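Notes for the structure review
Residue-level listing of the chains:
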Amino acid sequence: MVYGRRARPKLTSIRIIFWYTVRMETKDMKHEELFKRAKKAIPGGVNSPVRAFNGVGGTPVFVESGKGARIRTADGRELTDWCCSWGAMILGHAHPEISRAVAARAKLGTTFGIATPDEVSFAERLVSLVPGLDMVRAVSSGTEAVMTAVRLARGVTGRRIVLKFDGCYHGHSDAMLVKSGSGVLTMGASSSAGVTRGAVADTLVAPYNDLSAVERAFAKRGEEIAAVIVEPVAGNMGIVPPADGFLKGLRSITSKHGALLICDEVINGFRFGFSTYSALYAGITPDLVTLGKVIGGGLPLAAVGGRRKWMHELAPDGPIYQAGTLSGNPLAVAAGLKTLEILERDMPYARMAELGSALAVGVSTLAAEHGVPVTCQSFNGVFTPFCTDLPVQDLADAKACSTALYAKIFHGLLKRGQYIAPSQFECNFVSAAHTARDVDRFLDAFAQTLVHL
Ligand SMILES: *Cc1c(COP(=O)(O)O)cnc(C)c1O
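Note that the coordinates shown come from a computational prediction; the quantities given were computed from them, not determined experimentally.

Moving on, we get to the packing of aromatic side chains. For the coordinates displayed, the defined rule picks out 15 aromatic pairs. Their ring planes at 80 degrees and their centres at 5.4 Å tell us that Tyr281 and Phe379 sit as a pair that is edge-to-face. Remark: Phe379 occurs in strand E14 (residues 375-379) and Tyr281 occurs in helix H8 (residues 277-282); sequence separation between them is 98 residues. Ring plane angle 70 degrees and centroid distance 6.2 Å describe the contact between Phe383 and Phe442, whose orientation is recorded as edge-to-face. Linking Phe383 in strand E15 (residues 382-386) with Phe442 in helix H14 (residues 436-451), this pair joins segments that are 59 residues apart in sequence. A network of ring pairs unites the aromatic residues Phe272, Tyr277, Tyr281 and Phe379 as a single cluster.

This is the structure in C-alpha cells:
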C-alpha cells in the first residue's frame, strides 16, 4: 500500500489494531493452554511421542481439521501439511469419496466381532495387487502386523533370532524395540525401559545397506536365524533408499539359509506405486509382507500377508496364535477399499513423484546457494531434508546431521505456513492433493527461512 501523506490514525483503526492484538495473543496461547491441559491427562501431552515436538522444541501444534493438503490448527492458522499422518493420507484430508464411504458404512454398524463380506473383498484386493501375497490377515496397526509376522517366522522355522536393521522402525512390540550396541553387528540392546533383556536377546541388529554384515551374521548363526526384517526403502530415519543389490542380496541369503524375508512395507506399500516396493522396484518376492498406513485410508487398518504355506500356520488353521477384536472392522475396511479404488482410478503416483523431486531439488539448490548444509533426499514423493552435505545411507549418517539446524528450519517453515515432520529422523509426504503451487510456496517459505536463520 502506498500512502500519499502520513495517514492520521482514526479511532476505528486504533480499535481494530487493539482488537487484533488481543486476538493474536489469545491465538498464540491456545496451543499452550491445550498442551498444558494435555500434559495433565496424557503422558507427555501426546498419544505418540514425536507429536510432542521434543525433536524441535517449542509448543506442539494441535489440529482441528484438514481438507486436501491443508490442515487448520486450533489457533486458527492454515498450514500446508507435508506429514499427512505419516503418509496414511495419500489422497489428502477429508477426501469427499472416502468421507462418504465411511459415513455410509457407519450407519450400517461399525464392528460386529463376526466375519463381514467386505473384509473378504479387502483381502482379495490385496492378494490380487501384490505378487507373492497368497493370503493376508487384517489387523489394526503396523505394530500388530509386524508382531504377527515375527511370531509367524519364528513359529514356522522353529528358530529364535530375527535380524533387523538399525534405524528401521517396525512398531513398538518388545522384540523390535532394539538398537545396535557398540559393534557393527550386535545383539540388540533394548531401546526402551520395560523391555526385558530376554525380549530382545533374540534380535540381531545390523547397519542398513550393509550386506556384508548380514553375510557375517548368517555365517556365524545362520541356523538360528528365523527371519530378516527390513523396510525396503527405510523411512524411519528419514528416507534412505536401498543400495543396489541390497534387497536382492537379502533375498538370496535368507533363501539359502532357510530363513524368512519379511518386507515391512507399512510406509512403502502403495506409496511409491500401486503395489509394494519389493514387487514394483526391487523385483523380489518376500516370504511375508506387512502393510499399513496407506491401505487404511486414514483409519486404523494394517495387514500381514505372504506365502500360503506360512499363512496357513496362523490360528485357526495352524498353531500360531493371532487375533483382534477390531481386526478387519467394516469401518476401516470401507476407507481402505475406497482408497485403493481411487488410487487405481487416478494413479497419482507419477505426479506425486514429479512434485517430490521438484521440491527436493529446489531445497538442495536453495540450501547450497545460501551455504547451508541441507541435502534433501527423496524417492517418489517422499522426502527428508537432511541437515548435512553428505549422502545418508544408514543410521550413523543420519545421526551425523545437525538436529539444531533442523529445528530452526522446522520452525522457520512453520512460521511461514508449512508443516514438516517435527524430527530430523522422519519422512515427509507429497499427497495426491498437493499441487505445483504448493511446492512453489514451500520453496518460497524455505528460501525465506534460510535468509532468517
Ligand atoms: C508406522 C510403521 C510401523 C508401525 O505402524 P503403527 O500403525 O504405527 O503401529 C511399522 N513399520 C513401519 C515401517 C512403519 O513405518
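Turning our eyes to something else, we now look at the site of the ligand. Taken together, Ser141, Gly142, Thr143, Tyr169, His170, Gly171, Glu231, Asn236, Asp264, Val266, Ile267 and Lys293 make up the full set of residues near the ligand. Here a nitrogen atom of the ligand and a backbone polar atom of Tyr169 are 3.3 Å apart. At 2.7 Å from a nitrogen atom of the ligand is found a side-chain nitrogen or oxygen belonging to Asp264. Taking 380 Å² as the accessible area of the ligand by itself, protein coverage stands at 82%.

It is worth spelling out the pairing of strand E13 (residues 302-306) at this point. If a strand is regular, its side chains alternate between the two faces of the sheet. With five of five residues buried, E13 lies mostly within the body of the structure. Of the pairings in the sheet, the one linking strand E4 (residues 135-139) to E13 comprises five bridges and is antiparallel in character. Residue pairing in the sheet places Val136 in a bridge with Gly305 of E13. As paired strands, strand E12 (residues 288-291) and E13 are joined by four bridges and run antiparallel to one another. Counterpart to Val289 in the pairing with E13 is Gly305.

Once that is clear, we can look at the layout of surface pockets. Approximately 620 Å³ is the volume attributed to the second largest pocket. Together, 30 residues line the second largest pocket, and Glu119, Val136, Arg137, Ala138 and Ser327 are the ones closest to its centre. Counting residues per element, the ones that place at least two in the lining of the second largest pocket are helix H3 (117-129) and E4. Split into classes, the residues belonging to the lining of the second largest pocket amount to 16 nonpolar, nine polar and five charged.

Turning to its location among the elements, Ala282 is positioned in helix H8. In this structure the C-alpha to C-alpha distance between Ala282 and Leu79, which are 203 residues apart in sequence, comes to 35 Å.

Of note, the bond from Ala315 into Pro316 is cis; its omega dihedral lies within 30 degrees of zero at 10 degrees. Tracing the backbone through its elements, the reader meets Pro316 in the loop between helix H9 (308-311) and helix H10 (330-346). The phi dihedral of Ser85 is positive, around 50 degrees, even though this residue is not glycine. Its place among the elements puts Ser85 in the loop between strand E3 (78-81) and helix H2 (96-107). A positive phi angle, near 45 degrees, is found at Asn380, a position not held by glycine. Take Asn380: it is sitting in the loop between E14 and E15.

All told, the structure shown has twelve salt bridges when counted by the stated rule. Arg70 serves as the salt-bridge partner of Asp438, at 2.7 Å between the closest nitrogen and oxygen. Of the two residues, Asp438 is situated in helix H14 and Arg70 in strand E2 (residues 70-73); the sequence distance between them amounts to 368 residues. In this structure Asp438 comes out as buried when scored by relative accessible area, which is 3%. Judged by its relative accessible area of 22%, Arg70 is partly exposed. Residues Asp287 and Arg251 are paired through a salt bridge, measuring 2.8 Å at the closest nitrogen-oxygen approach. Of this pair, Asp287 sits in the loop between H8 and E12 while Arg251 sits in helix H7 (residues 246-257), and the two are 36 residues apart along the sequence. A single burial state applies to Asp287 and to Arg251, both of which are buried.

Between two packed helices, what matters for the description is the angle formed by their axes and the separation of those axes. Closest axis-to-axis distance for the H3/H10 pair is 10 Å, and the angle between their directions is 40 degrees. For the element pair H3 / H10, the angle class is oblique. Relative to H10, the crossing made by H3 is left-handed. Touching Asp118, Glu119, Ser121, Phe122, Arg125 and Leu126 of H3 are Val333, Gly336, Leu337, Leu340, Glu341 and Glu344, all from H10.

Taken in spatial order, the four strands of this open sheet run E1-E2-E3-E16, and their pairing is mixed. Looking at which strands have only one partner, the edges of the open sheet turn out to be strand E1 (63-67) and strand E16 (418-419). Of the strand pairs in this sheet, E3 and E16 are connected by two bridges, and their pairing is parallel. By the bridge assignment, Asp81 is partnered in E16 with Tyr419.

Calculation rules
- Residues numbered from 1 in each chain as written.
- Predicted model: local features only at pLDDT ≥ 70, side-chain atom pairs only at ≥ 80, totals over all residues.
- Heavy atoms only, no water.
- Phe/Tyr/Trp six-rings, centres within 6.5 Å; stacked < 30°, edge-to-face > 60°.
- Helix = DSSP H or I, 4+ residues; strand = E, 2+ residues; numbered from the N terminus.
- Near = heavy atom within 4 Å.
- Polar contact = N/O pair within 3.5 Å; in protein donor to acceptor, adjacent residues only side chain to side chain.
- Areas by Shrake-Rupley, 256 points an atom, 1.4 Å probe, with all protein chains shown as cover.
- Buried < 20%, exposed > 50% of the residue type's maximum accessible area, 1.4 Å probe, protein only.
- Pairing = 2+ DSSP bridges.
- 1 Å grid on protein atoms, 1.4 Å probe; cavity = no way out; pocket = protein on both sides within 12 Å on 5 of 7 lines; lining within 4 Å.
- Points joined across faces, edges and corners; volume = space filled by probe spheres on them.
- Nonpolar A, V, L, I, M, F, W, Y, C, P; charged D, E, K, R; others polar.
- Salt bridge = Lys/Arg side-chain N within 4 Å of Asp/Glu carboxyl O.
- Axes fitted to C-alpha atoms, helices over the stretch in contact; angles between N-to-C directions.
- Parallel < 35°, antiparallel > 145°, perpendicular 65-115°, else oblique.
- Left-handed = near helix turned anticlockwise from the far one by under 90°.
- Contact = heavy atoms within 4.5 Å.

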